[in-house]
Amino acid sequence: MNEKRERVIFLADCQSFYASVEKADHPECRDMPVAVAGSVERRSGIILAACPIAKGYGVTTAERLGEALTKCPELVVIRPRMQHYMDVSRMITKIYEEFTDLVEIFSIDEQFLDITASLPFFGDPVTIAKSIQQKVLSQTGVRVRIGISSNKILAKIATDIWAKKNENGIFTLPASEIETLLWPQPVHKMFGVGSRMSAHFAALGMNSIGDIAGTPLPCLKDKFRARFGRQSDIHAEVMWRTANGLDDSPVNPGTFETPPKSVGHMMTLPRDYTEPWEVDTILLELTEEVCRDCRRQGYMGFVVTVSCMCSPYESPTGFSRQMKMTDPTNHTNTVMKTVRRLFYKYWDQMPVRRVGVTLSQLVDDRTYQLTLFEDQVKLRALDQATDSIKSRYGSAAIIRASSLTDAGQAKDRSLKIGGHFK
Ligand SMILES: [Mg+2]
């Protein structure tokens, strides 16, 4: 039998990442409970990260600041510095890259490493994990927990269920031991299963991860279809493969190093547009194109630029103005708000000939975990669903209602390759 060599995969997770970075920068807070939260001046802000001391008081991620302060009145609250966290995250990735060139960014504070080829140079997996921990701690002040296994899903599970709870922050989960170690665990501990999903599994009579793993896949698909409808086959398969620890996907070093400078689209209109609703329609189409490109390439942007040229040609008026948003985004409606604000601030009401929308100061969106905000997740899911339908059936498959008006260009343009855009 031609057996492939077993891989050695790490999932390295930074403990209380934002809070750890802040504590490293504020040594005077070393022994104090520290949390990073948005909207610090309002008690309605959300806790983005809490240090272990704060967690000892019962402070949890994603709860309201007001609640956290009730549990822990002496909590030191710091407002987030996202750009700085991204810089530190990149530094940590660089440290990992001293041990292997196969590093995949999973989120701002989690990376996969394939160290299979590094073993002859740096020692056994646990030795490498310890070296990595020491190096990251001494250079950034951040504590890293490492799950070790033979594929990505098992490494992730090893971190989430065990390494995060361990004294030394390292846990090895060999594929041969999932039956004894993983399968007795309750369903809610499985990666990808939230509280709603575990309630569904309970209703299906599945309480342990082994209950999912032991159900033949066709049978699990049938149960999912009965509960979630016909579209649920893939979901059933993902759950089944996770429970069985099956994952062939390679650790994929991304394009994190070189995001493009900007993503923008510009359009010359077929005639002069004078009515705000006509211009709005085009701005929305351009914004949608820009955001869709960003989502497809995995970027979010901080800065929105709107440019506009007005008739007459002999003495055109126009502007190109930009505005920085508080958080980077690639969500169409969010960007559109800034686009409109800019446009109507600077438009002199002259007939519009040419408009453009650009998103710049791009960051990798994998480093941005917005899962804390449920509505963000829903917005992203909606954008992704729209994108996938468009990429499968062409961009005319779904267009906004305003694009069906006379001013809309989206339907027309999607029939051309390249269209008016450059
Ligand atoms: Mg973490």
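Each chain carries its own residue numbering, running from 1 in the written order of its sequence. It should be noted that, the model being predicted, local features are given only for residues of pLDDT at least 70 and side-chain atom pairs only at 80 or more, the latter also being counted only at that level, while totals for whole chains, interfaces and linings use all residues. Neither water nor hydrogens contribute to the side-chain values; these are computed over all heavy atoms in the structure.

Rules: UniProt positions are given in the numbering used here, feature names are shortened, and annotations may be inferred rather than shown by experiment.
The name that an unreviewed UniProt entry assigns to the protein chain is DNA polymerase IV, with the source organism given as Paenibacillus forsythiae. UniProt's Subcellular location (unreviewed entry) comment on the protein chain is quoted here verbatim: "Cytoplasm". The protein chain has a UniProt comment under Sequence similarities (unreviewed entry) that states "Belongs to the DNA polymerase type-Y family."

### Quick word on the overall build of the protein chain
Convention followed: Numbering goes from the N terminus for both helices and strands, where a helix is a DSSP run of H or I of at least four residues and a strand is a run of E of at least two. Exposed residues in this analysis have more than 50% of their type's maximum accessible area, buried residues have under 20%, and partly exposed residues fall in between, with area computed by a 1.4 Å probe over protein chains only. Should any heavy atoms of two residues lie within 4.5 Å, those residues are counted as being in contact. Methods summary: accessible areas were calculated by the Shrake-Rupley approach with a probe of 1.4 Å, and residue burial reflects only the protein chains presented.
Along the backbone of the protein chain there are 16 helices and twelve strands. Out of the 422 residues in the protein chain, the part that is buried amounts to 48%. Long-range contacts, defined here as pairs at least 24 residues apart, represent 67% of the contacts in the protein chain between residues at least 6 apart. Surface accessibility of the protein chain: about 21000 Å² in total, with carbon and sulfur atoms responsible for 54%.

### A word on the sheet that holds strand 4 (residues 76–78)
Worth spelling out the cut-off: In this analysis, strands are considered paired if DSSP registers two or more bridges between them. Axis lines are fitted through C-alpha atoms, for helices just across the contact stretch, and the angle between N-to-C directions can take any value from 0 to 180 degrees.
Across the sheet, three strands lie side by side as 3-2-4; this open sheet has mixed pairing. Each edge of the open sheet carries a strand with a single partner, namely strand 3 (47–50) and strand 4. Averaged over all neighbouring strand pairs, the angle between strand axes comes to 30°, with direction disregarded. The pairing of strand 2 (residues 34–37) with strand 3 spans three bridges and is antiparallel. Of the residues in strand 3, the one forming a bridge with alanine 35 is alanine 50. Of the strands in this sheet, strand 2, strand 3 and strand 4 touch helix 1 (residues 17–25), which is tilted by about 120° from strand 2.

### Focus: the UniProt feature "site: Substrate discrimination" (unreviewed entry) in the protein chain
The positions that UniProt labels "site: Substrate discrimination" (unreviewed entry) are, in the present scheme, Tyr18. With respect to the helices and strands, tyrosine 18 occurs in helix 1. Contact partners of tyrosine 18, with chain neighbours within four places excluded, come to Val36, Leu48, Ala49, Met82, Tyr85 and Ile108.

### Some thoughts on the sheet that holds strand 8 (residues 170–172)
Across the sheet, which stays open at both edges, the five strands sit in the order 5-6-1-7-8 with mixed pairing between neighbours. The strands lining the two open edges of the sheet, one partner per strand, are strand 5 (103–107) and strand 8. Within this sheet the neighbouring strands show an average axis-to-axis angle of 20°, counted without direction. Relative to strand 6 (residues 110–114), strand 5 runs antiparallel, the two sharing four bridges. Counterpart to serine 107 in the pairing with strand 6 is glutamate 110.

### Topic: the coordination of the magnesium ion
Note the following rule: Note that water is not among the atoms used; donors are N, O and S atoms within 2.8 Å of the metal (3.2 Å for Na, K and Ca), so sites may look incomplete.
Coordination of the magnesium ion by the protein comes from Asp13 (OD), Cys14 (O) and Asp109 (OD), over a distance range of 2.3 to 2.7 Å. Mapped onto the polypeptide sequence, the residues donating to the magnesium ion form the spacing pattern D-C-x94-D. Here the residue aspartate 13 occupies a position in strand 1 (residues 9–14), and aspartate 109 occupies one in the loop between strand 5 and strand 6, the gap between them amounting to 96 residues. What makes aspartate 13 buried here is its relative accessible area of 3%. For aspartate 109, a relative accessible area of 13% gives the class buried.

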